[in-house]
Amino acid sequence: MGESKPLRLIPRSAADALALEIATAFNDEVRLPFYRQVCCANPHAIVYRAFRAAQSMPSWRIKKSRRALFIYLLHKYAHQG
């Protein structure tokens, strides 16, 4: 079975641009549709905050993956407000 090729996206909104930035930073372009959905369903500030927090965490402190940490932080920040 062949490896999936990442989707190409030309950002047409701030949500698309953020989704592309997250997918690229996590080296997870294959899941770009998921990140687009997350960015459209949540406020930009919360998604960006969770993304930056996940990026700033040292790799030795991450138990699963940056993606998992990002999703956890996204849920945490969304329920704080």
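Residues numbered from 1 in each chain as written. Predicted model: local features only at pLDDT ≥ 70, side-chain atom pairs only at ≥ 80, totals over all residues. Heavy atoms only, no water.

Some words on the overall build of the protein chain
Looking only at helices and strands, the protein chain has four helices and zero strands in total. Beginning at the N terminus, the succession of helices and strands in the protein chain can be written as α-α-α-α. A total of 81 residues make up the protein chain; the buried ones form 28% of that total. The contacts in the protein chain between residues at least 6 apart in sequence include a share of 52% that link residues at least 24 apart. (Helix = DSSP H or I, 4+ residues; strand = E, 2+ residues; numbered from the N terminus. Buried < 20%, exposed > 50% of the residue type's maximum accessible area, 1.4 Å probe, protein only. Contact = heavy atoms within 4.5 Å.)

Regarding the packing of helix H3 (residues 44-56) against helix H4 (residues 66-80)
At a closest axis distance of 8 Å, the pairing of H3 and H4 adopts a crossing angle of 140 degrees. The pairing of H3 with H4 is recorded here as oblique in orientation. In this structure, H3 meets H4 at a crossing whose hand is right-handed. Of H4, the residues touching H3 (which contributes Ile46, Val47, Arg49, Ala50, Phe51, Ala53, Ala54 and Gln55) are Arg66, Leu69, Phe70, Leu73, Leu74, Tyr77, Ala78 and Gln80. A per-class count over the contact of H3 with H4 returns 12 nonpolar, two polar and two charged. (Axes fitted to C-alpha atoms, helices over the stretch in contact; angles between N-to-C directions. Parallel < 35°, antiparallel > 145°, perpendicular 65-115°, else oblique. Left-handed = near helix turned anticlockwise from the far one by under 90°. Nonpolar A, V, L, I, M, F, W, Y, C, P; charged D, E, K, R; others polar.)

Considering unusual backbone geometry
For Asn27, which is not a glycine, the phi torsion comes out positive at approximately 55 degrees. With respect to the helices, strands and loops of the structure, Asn27 is situated in the loop between helix H1 (14-25) and helix H2 (32-41). The exposure class assigned to Asn27 is exposed, which follows from its relative accessible area of 64%.

A word on the pattern of salt bridges
Applying the stated rule across the entire model yields four salt bridges. Ionic pairing is found between Arg31 and Asp28, a salt bridge with its closest N-O pair at 2.9 Å. With a relative accessible area of 39%, Arg31 lands in the partly exposed category. Note on Asp28: relative accessible area 11%, which makes it buried. Residue Asp28 is joined to Arg67 by a salt bridge in which the shortest nitrogen-to-oxygen separation is 3.7 Å. Linking Asp28 in the loop between H1 and H2 with Arg67 in helix H4, this pair joins segments that are 39 residues apart in sequence. Look at Arg67 and you get partly exposed, because its relative accessible area is 25%. (Salt bridge = Lys/Arg side-chain N within 4 Å of Asp/Glu carboxyl O.)

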